[in-house]
Amino acid sequence: MAAEVEVTPRIAGIADFRGSFKASAGQRVEALEVYCRGCRRPYDEVKGADCAEKIDNRHLIGGDQSTRAKRKVVAPPPGAKIIPGGTIQRRGLNAYVAGVSRQR
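Here we summarise the structure given alongside this text.

## As for the pattern of salt bridges
And then number 1: Scanning the entire structure with this criterion turns up one salt bridge.
And then number 2: When the shortest N-O distance is used, the salt bridge between Arg41 and Glu45 registers 3.6 Å.
And then number 3: The exposure class assigned to Arg41 is partly exposed, which follows from its relative accessible area of 29%.

## Observations regarding the environment of Tyr35
And then number 1: Relative to the helices and strands, Tyr35 is located in the loop between strand S2 (28-30) and helix H2 (43-46).
And then number 2: Tyr35 sits 23 residues away from Ala12 along the chain, and the two C-alpha atoms are 8.4 Å apart.
And then number 3: Apart from the residues lying within four places of it in its own chain, the contact partners of Tyr35 are Glu4, Arg40, Arg41, Pro42 and Tyr43.
And then number 4: Of the polar contacts made by the side chain of Tyr35, one reaches the side chain of Glu4; its length is 2.8 Å.

## A closer look at the nonpolar core
And then number 1: If you look at the biggest cluster of nonpolar residues, it comprises six residues: Ala12, Ala15, Phe21, Ala31, Val34 and Tyr43.
And then number 2: Dropping the residues within four chain positions of it, Val34 is found in contact with Ala12, Ala15, Asp16, Pro42 and Tyr43.

## A word on the side chain of Ser20
And then number 1: Tracing the backbone shows Ser20 in strand S1 (residues 20-22).
And then number 2: Assessed through its relative accessible area of 11%, Ser20 is described here as buried.
And then number 3: In terms of polar contacts, Ser20 uses its side chain to reach the side chain of Arg28, at 3.3 Å.
And then number 4: For Ser20, the contacting residues outside a window of four places in its chain are Ile14, Ala15, Arg28, Val29, Glu30 and Ala31.

Rules of the game
- Residues numbered from 1 in each chain as written.
- Predicted model: local features only at pLDDT ≥ 70, side-chain atom pairs only at ≥ 80, totals over all residues.
- Heavy atoms only, no water.
- Salt bridge = Lys/Arg side-chain N within 4 Å of Asp/Glu carboxyl O.
- Buried < 20%, exposed > 50% of the residue type's maximum accessible area, 1.4 Å probe, protein only.
- Helix = DSSP H or I, 4+ residues; strand = E, 2+ residues; numbered from the N terminus.
- Contact = heavy atoms within 4.5 Å.
- Polar contact = N/O pair within 3.5 Å; in protein donor to acceptor, adjacent residues only side chain to side chain.
- Core = buried A, V, L, I, M, F, W, Y, C linked by side-chain atoms within 4.5 Å.

What follows is the structure in structure tokens.
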């Protein structure tokens, strides 16, 4: 099981250094991972700096979309034949009827 506990920067620093911290009820909690909740970066990278989420959240979506490399199209193996399938109706009454009355 995993749980996310929001703590102050002071307690986050202790948890990052020590690997655990004491909760307000006096119970010791093991901190397996300490990170910024907004930008999801490790605490040791972001401590003492503003959260990157406030400035720009491109790092959460894999970088700048205009400069990121496009997905590679995999070539079929030699001798393989691509057979196009039929179209699937996903909207409207025909889609509903096709999904409900289809034999299993």
